[in-house]
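Structural features, examined
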Amino acid sequence: MKIISVDIFQLQWFGLMPDWHPVVIRINTDAGISGFGEAGLAYGSGGLGAVGSLKDLAHRVIGQDPLRNEAIWNELYQDTFWGKGGGVVFYSAVSAIDTALWDIKGKYFHAPVYQLLGGQTQNRIRAYASQIQFGWGKHVEFLATPKDYAQAAEKAVQEGYTALKVDPFMMQADGTFGVHDQQLLTQAQIQMYYDRIAAVRQAVGENVDIILECHARLNVDSAIKFAAKVEPLSIYYMEEPNSPMNPQLTKEIRNNVSIPLASGERLVTRYGFKPFLDERSLSVIQPDVGICGGITEAKKISDLAAIDDVSIQFHVCGSPIATAAALQLEAVLPNTLIHEYHEISLKQPNIDSGKYHVEPKNGWFTIPDRPGIGQELSTQAMKEAITETIQ
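Below or above, wherever it landed, is the structure these notes cover. Since we're looking at a predicted model, the values are computed, not measured.

Cut-offs used in this document
- Residues numbered from 1 in each chain as written.
- Predicted model: local features only at pLDDT ≥ 70, side-chain atom pairs only at ≥ 80, totals over all residues.
- Heavy atoms only, no water.
- Buried < 20%, exposed > 50% of the residue type's maximum accessible area, 1.4 Å probe, protein only.
- Helix = DSSP H or I, 4+ residues; strand = E, 2+ residues; numbered from the N terminus.
- Pairing = 2+ DSSP bridges.
- Axes fitted to C-alpha atoms, helices over the stretch in contact; angles between N-to-C directions.
- Contact = heavy atoms within 4.5 Å.
- Expected span 1.5 Å × (residues − 1).
- 1 Å grid on protein atoms, 1.4 Å probe; cavity = no way out; pocket = protein on both sides within 12 Å on 5 of 7 lines; lining within 4 Å.
- Points joined across faces, edges and corners; volume = space filled by probe spheres on them.
- Nonpolar A, V, L, I, M, F, W, Y, C, P; charged D, E, K, R; others polar.
- Core = buried A, V, L, I, M, F, W, Y, C linked by side-chain atoms within 4.5 Å.
- Salt bridge = Lys/Arg side-chain N within 4 Å of Asp/Glu carboxyl O.
- Lys, Arg positive; Asp, Glu negative; His and termini not counted.
- Polar contact = N/O pair within 3.5 Å; in protein donor to acceptor, adjacent residues only side chain to side chain.
- Arc of directions from axis to C-beta.

1. Comments concerning the pairing of strand β3 (residues 34–39)
Within a regular strand, side chains alternate between the sheet's two faces. Within β3, six of the six residues are buried, leaving the element largely enclosed by the surrounding structure. Pairing of strand β2 (residues 23–29) with β3, which is carried by six bridges, proceeds in the antiparallel orientation. Directly across from Val24, in β3, lies its bridge partner Glu38. Hairpin remark: β2 followed by β3, antiparallel, with four residues in the connecting loop; positive phi at Gly32, about 80°.

What follows is the structure in structure tokens.
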């Protein structure tokens, strides 16, 4: 079996969000088996960079045996020059290719990927409602008041979720989108952001886990001050309190707060996670399967973390392809903590882009057992996408 072509799809969901642009590939073989993978740059700036990298790397995999995914990964690391330089754009392309190869392998052996990775340690996983500052429903909202945050949290809990994540820093007081710059928080800012989290805690009660999202927008002093303020609210963990570019700063925060810290969605490969694991500055690491190096590397990162009693919570913010890849790994890894179910997954264009509709029931995901990753793009999504084929 040989790879004969690679289709690159830039999904088109105009009107959903102005900066929402998932990039998905399909690797095709001469045996008629195709596999799907996603480059995890569906938001922010960098999507076109992923497309460019995929064009380059596609030429390297055409003609190769797709079942030799470990050898292909090693070639992309060893022989591309930039493989040893890291970077989310380059490794988002590697991730998409690697995930698609695992999808092909599963279909070839008529087995879900989790069987090829060692089999299930769990057949379902708890999910949390992620990013409720955008509301929790079919339409994106920019929430401002504590009451708004409380209502969104209540809605998620009523649907069966026992955990949720909220970023109180993302919206201005008037509800406009726009985070502050990375300076020391004023007392007025601390109180406004605290009131939002406190309203969520009051609304959901003591038995619901609250993850505090910071999106790497705080500096060290602000992170320490705010953690002390919200400590009585029993925060499950604090995500990306500061930029991951300087691991020593994360260590300083860890040494001065009691709330467990999490980070990792912008890190690539084992080498990117190693400084944080060596210092044990994180209690939870959050690799994105579409960024860190794909299923092959995500498994190795997770195994490395297990040595230091560090849990895994995969970052998932993309199309149904991203969700499917994460679920296959979560089924296998004993140190998997919880699944991120992003509010973008509630939007109908996102749902319609997948061939199969997979969602949590009462706050829990059942792991799909279809061959491969268990998901493909829908015919309509591929038809509407900007498509380029490398062969």
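From this point on, the discussion continues.
2. Overview of the sheet that holds β3
Spatially, β3-β2-β1-β13 is the arrangement adopted by the four strands of the open sheet, whose pairing is antiparallel. The two strands at the open ends of the sheet, each matched to only one other strand, are β3 and β13 (386–390). With strand direction ignored, the average angle separating the axes of adjacent strands in the sheet is 20°. Of the strands in this sheet, β1 (3–10), β2, β3 and β13 are in contact with helix α1 (residues 47–61), which crosses β1 at around 175°. Sitting on the sheet, helix α3 (residues 88–108) touches β1, β2 and β3, and the angle it makes with β3 is about 155°.

3. Overview of helix α6 (residues 187–204)
Taking 1.5 Å of rise per residue, the 18 residues of α6 would be expected to cover 26 Å, and the 26 Å separating its terminal C-alpha atoms lies within 8% of that figure. Taken as a whole, α6 has its buried residues at Ile190, Tyr193, Tyr194, Arg196, Ile197, Ala198, Ala199, Val200, Arg201 and Val204. After α6 finishes, the residue Gly205 shows a positive phi value of roughly 85°.

4. Brief notes about the layout of surface pockets
Roughly 350 Å³ of internal volume is contained in the second largest pocket. Lining the second largest pocket are 17 residues, with Gly87, Arg266, Leu267, Val268 and Gly272 positioned closest to its centre. Every element with two or more residues in the lining of the second largest pocket is listed here: α3 and α9 (269–279). The biggest single contributor to the lining of the second largest pocket is α9, with three residues. The residue inventory of the lining of the second largest pocket, partitioned by class, reads eight nonpolar, seven polar and two charged.

5. Quick look at empty space enclosed by the protein
A full pass over the atoms with the stated rule returns four cavities of 30 Å³ or more. Size it by volume and the largest cavity reaches roughly 170 Å³. Taken together, 16 residues form the lining of the largest cavity, with Pro320, Thr323, Ser345, Val358 and Gln375 sitting closest to its centre. Broken down by secondary-structure element, the contributors of at least two residues to the lining of the largest cavity are α11 (320–332) and α12 (348–352). If you tally residues by element for the lining of the largest cavity, the top one is α11, at four residues. Looking at the lining of the largest cavity, its residues break down into eight nonpolar, eight polar and no charged.

6. Some points on the nonpolar core
Core analysis: the biggest nonpolar cluster contains 90 residues, and Ile132, Leu164, Leu212, Met238, Ile285 and Phe314 have the highest contact counts within it. Ranked by residues supplied to this core, first place goes to α11 with nine residues. Residues within four places of Leu164 in sequence aside, it is in contact with Tyr128, Ala129, Ile132, Ala153, Val157, Val200, Val204, Val208, Asp209, Ile210 and Ile211. Counting residues in each nonpolar core, the second largest holds 31 residues, with Ile25, Ile72, Ile97 and Ile291 among its members.

7. Examining the pattern of salt bridges
For the coordinates displayed, the defined rule picks out 19 salt bridges. Between Arg126 and Asp209 there is a salt bridge, and its shortest N-O distance comes to 3.0 Å. With Arg126 in strand β4 (residues 124–130) and Asp209 in strand β6 (residues 209–213), this pair connects stretches of sequence that are 83 residues apart. In this structure Asp209 comes out as partly exposed when scored by relative accessible area, which is 21%.

8. Some details on the side chain of Thr80
Positionally, Thr80 belongs in the loop between α2 (69–78) and α3. On the basis of relative accessible area, Thr80 is assigned to the buried category, the value being 13%. When near neighbours in sequence (up to four residues on either side) are disregarded, Thr80 contacts Leu57, Arg60, Glu75 and Phe90.

9. A look at the side chain of Glu38
Here Glu38 lies in strand β3. One buried charged side chain, Glu38, makes no salt bridge at all; its nearest oppositely charged neighbour is Lys107, positioned 14 Å away. For Glu38, the side chain forms a polar contact with the side chain of Ser319, separated by 2.5 Å. Polar contacts involving the side chain of Glu38 include one to the main-chain amide nitrogen of Ala322, which spans 3.2 Å.

10. Details of helix α7 (residues 220–230)
When we look at burial in α7, the residues that qualify are Val220, Ser222, Ala223, Phe226, Ala227 and Val230. Here the buried residues of α7 occupy an arc of 160° about the axis, which is enough to place them on one side. Contacts made by the buried residues of α7 are with α6, β6, β7 (235–239) and α8 (247–254).

11. Remarks on the environment of Gln122
Within the secondary structure layout, Gln122 lies in the loop between α4 (113–116) and β4. Judged by relative accessible area, Gln122 falls into the partly exposed class, the value being 23%. Remark: the alpha-carbon pair of Gln122 and Thr336, spanning 214 residues in sequence, is separated by 9.6 Å. Beyond its immediate chain neighbours, meaning those up to four positions away, Gln122 contacts Glu330, Ala331, Leu333, Thr336 and Ile367.

The analysis is restricted to geometry; functional conclusions fall outside its scope.
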